[in-house]
Amino acid sequence: MTTRKDAYRVAVVGATGAVGEAMLDILAERKFPAAEVVALASARSVGREVSFGRRSLVVDDLAEFDFSGCDFALFSAGGSVSAEHAPRAAEAGCVVIDNTSHFRLAPAVPLVVPEVNGAILDDFQGGGIIANPNCSTIQMLVAIAPIYRRWGIRRINVATYQSVSGAGKSAMEELGRQSADRFNFREPEPKVFKAPIAFNIIAEIDVLEDNGYTREEMKMHRETRKIFGDEDIAVNATAVRVPVFMGHGEAVHLETDQPFELDEVRQVLADAPGVVLADAPERVTPLTHAAGKDGVFVGRIRRDLSHPQGLDLWVVADNVRKGAALNAVQIAEYLAARGLGQ
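Residues numbered from 1 in each chain as written. Predicted model: local features only at pLDDT ≥ 70, side-chain atom pairs only at ≥ 80, totals over all residues. Heavy atoms only, no water.

**Some points on unusual backbone geometry**
Located in the positive-phi region is Phe185, a residue other than glycine, with phi close to 60°. Among the secondary structure elements, Phe185 is positioned in the loop between α5 (169-183) and α6 (215-228). Residue Phe185 is classed as exposed on the basis of its relative accessible area, which comes to 81%. We note that Phe199 has phi near 60°; this positive angle belongs to a residue other than glycine. Tracing the backbone through its elements, the reader meets Phe199 in the loop between α5 and α6. (Helix = DSSP H or I, 4+ residues; strand = E, 2+ residues; numbered from the N terminus. Buried < 20%, exposed > 50% of the residue type's maximum accessible area, 1.4 Å probe, protein only.)

Shown next, in the form of structure tokens:
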């Protein structure tokens, strides 16, 4: 039996990072029913202050923190940190919502986008780990899930145009420094990325796997199959880093199982949770539409001229917000609304 509490104790792990800061902002903005919010990070960040709404929180040491009595722990501090500390938080009875890739493909760990497959959490009990998908997977599936449910999807070809914020604060700082270098006729020195990112594009995100795809590309393939529960759906991704600070764009090309009409597609998308149809579909951009917003914005909806059941979409979202922090908070909200196993 589950019981709904009036207020929860929440820990945010990686509170000094870009996603951790966004998690704290969103918890405050959405008035999550928290009796207490604890900011956690590594020892080098202990004593720093981070914002939580109009308040400031002092960062505590993750390694020394006792998760007993915590209801939720939102992790975004890197895979090795999650590997070490998420299991002990779960063993203490805490619901861990992990933003890293470490647990995503573990068979016993739910991989959740609330608008897409949130119902798999209906029987979830306290004291376990839930995984946040990759940011690119999240925005793509929010956009295409209503199409998948209505017409089925055989195949997805997707090219991503991913901002540097997906690689963290240091990557954003590198883009800023290198832009200044270019304007001052200095040759930029890449540190975070393998090649200069300012005024450039890099068709390599994460490491290359043996099949020639990058790990980022294979995440989209594997995570889509797990979230849809469909081992037959084919996902062919090319992930590209672009010199943009915030927001990801995706050119998505689908082949559906059943014939569709474009007007029906637009209506299904307009009715879908989390999806926003762009008012000026040809001009939807991460900066003008998605930055700082909760929605996944869809434009350029058109029939693929090369395939009778082909559909093309342009999808943008704030990768730090919807692609990471908001999704984690939405999972916590879903569970809180239904009560945690006590």
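Once you've had a look at it, read on.
**Points about the sheet that holds strand β6 (residues 60-61)**
The strand order across the open sheet formed by 6 strands is β6-β3-β2-β7-β8-β9, and the pairing between neighbours is parallel. In the strand order of this sheet, the two ends are held by β6 and β9 (128-131), each with one partner. The pairing of strand β3 (residues 34-41) with β6 spans 2 bridges and is classified as parallel. Bridge pairing in β6 links Leu40 to Asp60. Lying on the sheet, helix α9 (residues 321-338) is in contact with β2 (8-13), β7 (72-75), β8 (95-98) and β9; it crosses β7 at an angle near 165°. (Pairing = 2+ DSSP bridges. Contact = heavy atoms within 4.5 Å. Axes fitted to C-alpha atoms, helices over the stretch in contact; angles between N-to-C directions.)

**A look at the nonpolar core**
Counting 54 residues, the largest nonpolar core has Phe67, Ile144, Ile156 and Leu313 as the members making the most contacts within it. Tallying contributions element by element places helix α4 (residues 135-151) first for this core, with 9 residues. The residues touching Phe67, leaving out its near neighbours within four places in the chain, are Ala11, Val13, Leu40, Leu62, Ala73, Phe75, Arg88, Ala89 and Ala92. Counting 37 residues, the second largest nonpolar core, distinct from the first, contains Val50, Phe72, Val112 and Leu326. (Core = buried A, V, L, I, M, F, W, Y, C linked by side-chain atoms within 4.5 Å.)

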